Amino acid sequence: PGIISGVVPQITLMLGPMYAGSAYSPTMADFMIIRDKTAFMSVASPSLLKSVTFLDVTQEEIGGAKLHATTTGTADILVETDEEGIEICRELVTYIPLNYRQKPPIVDLGDAPNRRDERLLEIVPTDLSKSYDMREVIRCTVDKGEFFELQKLFARSIIIGFARLDGQTVGIVANNPAEENGILTLDTCD
């Protein structure tokens, strides 16, 4: 991964277990898509940990897909099947350039760039002490309401991902008042 870092996007599609030194490689990718219940990533296996620490732990507890999607933030997207992971990967590459010399692809979704969405007037309350879901604001603003969210299960008071405006890829980072009042935490700052 080091030789091509910064040259081409690196995407890990983790569908099975990885232990020891090989578990470091996926963490160096730009994006990680991980399959629930079959993909595990940790430095040591449960049996090795038991032989050293005498503790019984499961694969899920020390390196399961849900752990990496919700707690460590290592995984960007959690999927249920291999096919779903491949489809998500295909969708991701429509937002990003294939190398550092290219620009992101322009994808015309047929959305009028000057359209107005009156729902925006209702979503954000005039009383700022009330919460609202920033995802709804994003969907009303971007082309055809399509938002490719990353790390949906991690640091939930912030939203990150890709969308398009007039066919151009844009990156989005937004606080989400619907989760923890949108406050910044250690995880959101990370």
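Refer to the preceding data block for the structure.
The sections below set out a description of the structure shown in this document. Predicted, not measured: the structure shown is a model, and the values here were computed from it.

### Concerning the overall build of the protein chain
Point 1. Looking only at helices and strands, the protein chain features 8 helices and 8 strands.
Point 2. With the principal axes as the frame, the protein chain shows a C-alpha extent of 60 × 45 × 25 Å.
Point 3. Put simply, the protein chain has 190 residues, and 35% of those count as buried.
Point 4. Within the protein chain, contacts between residues separated by at least 24 positions form 48% of all contacts whose residues are at least 6 apart in sequence.

### Focus on the packing of aromatic side chains
Point 1. Under the criterion given, the structure shown has 3 aromatic pairs.
Point 2. Centroid distance Tyr95 to Phe148: 5.6 Å. Interplanar angle 40°. Geometry classified as tilted. Remark: Phe148 occurs in strand β6 (residues 147-150) and Tyr95 occurs in the loop between α5 (82-92) and α6 (120-123); sequence separation between them is 53 residues. Phe148 matches Tyr95 in its accessibility class, with the two residues each being buried.
Point 3. Measuring from ring centre to ring centre gives 6.0 Å for Tyr95 and Phe162, while their planes differ by 20°; the resulting arrangement is stacked. Here the residue Tyr95 occupies a position in the loop between α5 and α6, and Phe162 occupies one in strand β7 (residues 158-165), the gap between them amounting to 67 residues.

### With respect to the side chain of Ser157
Point 1. Relative to the helices and strands, Ser157 is located in the loop between β6 and β7.
Point 2. Judged by its relative accessible area of 1%, Ser157 is buried.
Point 3. Within polar-contact distance, the side chain of Ser157 engages the backbone oxygen of Ile183 at 2.7 Å.

### Overview of the sheet that holds strand β5 (residues 77-79)
Point 1. One open sheet holds the 3 strands; their spatial order is β1-β3-β5, and the pairing between them is parallel. The open sheet has two free edges, formed respectively by β1 (11-14) and β5, since each of these has just one partner strand. Taking the axes of each pair of neighbouring strands and ignoring which way they run, one obtains an average angle of 15° across the sheet.
Point 2. As judged from the 4 bridges shared by β1 and strand β3 (residues 31-35), these two strands associate in the parallel manner. Paired with Met14 across the two strands is Ile34, which belongs to β3.
Point 3. Its contacts with the sheet place α5 against β1, β3 and β5, and it is angled at close to 165° to β3.

### Points about the pattern of salt bridges
Point 1. Here the structure, examined in full by the defined rule, presents 12 salt bridges.
Point 2. In this structure, Lys37 engages Asp36 in a salt bridge whose closest nitrogen and oxygen atoms are separated by 3.2 Å.
Point 3. A relative accessible area of 57% places Lys37 in the exposed class.
Point 4. Here Arg119 ties to Asp117 by a salt bridge, and the two come within 2.8 Å at their closest N and O atoms.
Point 5. Within the structure, one salt-bridge network assembled from shared partners comprises Asp36, Lys37 and Lys66.

Rules behind the numbers
- Residues numbered from 1 in each chain as written.
- Predicted model: local features only at pLDDT ≥ 70, side-chain atom pairs only at ≥ 80, totals over all residues.
- Heavy atoms only, no water.
- Helix = DSSP H or I, 4+ residues; strand = E, 2+ residues; numbered from the N terminus.
- Buried < 20%, exposed > 50% of the residue type's maximum accessible area, 1.4 Å probe, protein only.
- Contact = heavy atoms within 4.5 Å.
- Phe/Tyr/Trp six-rings, centres within 6.5 Å; stacked < 30°, edge-to-face > 60°.
- Polar contact = N/O pair within 3.5 Å; in protein donor to acceptor, adjacent residues only side chain to side chain.
- Pairing = 2+ DSSP bridges.
- Axes fitted to C-alpha atoms, helices over the stretch in contact; angles between N-to-C directions.
- Salt bridge = Lys/Arg side-chain N within 4 Å of Asp/Glu carboxyl O.

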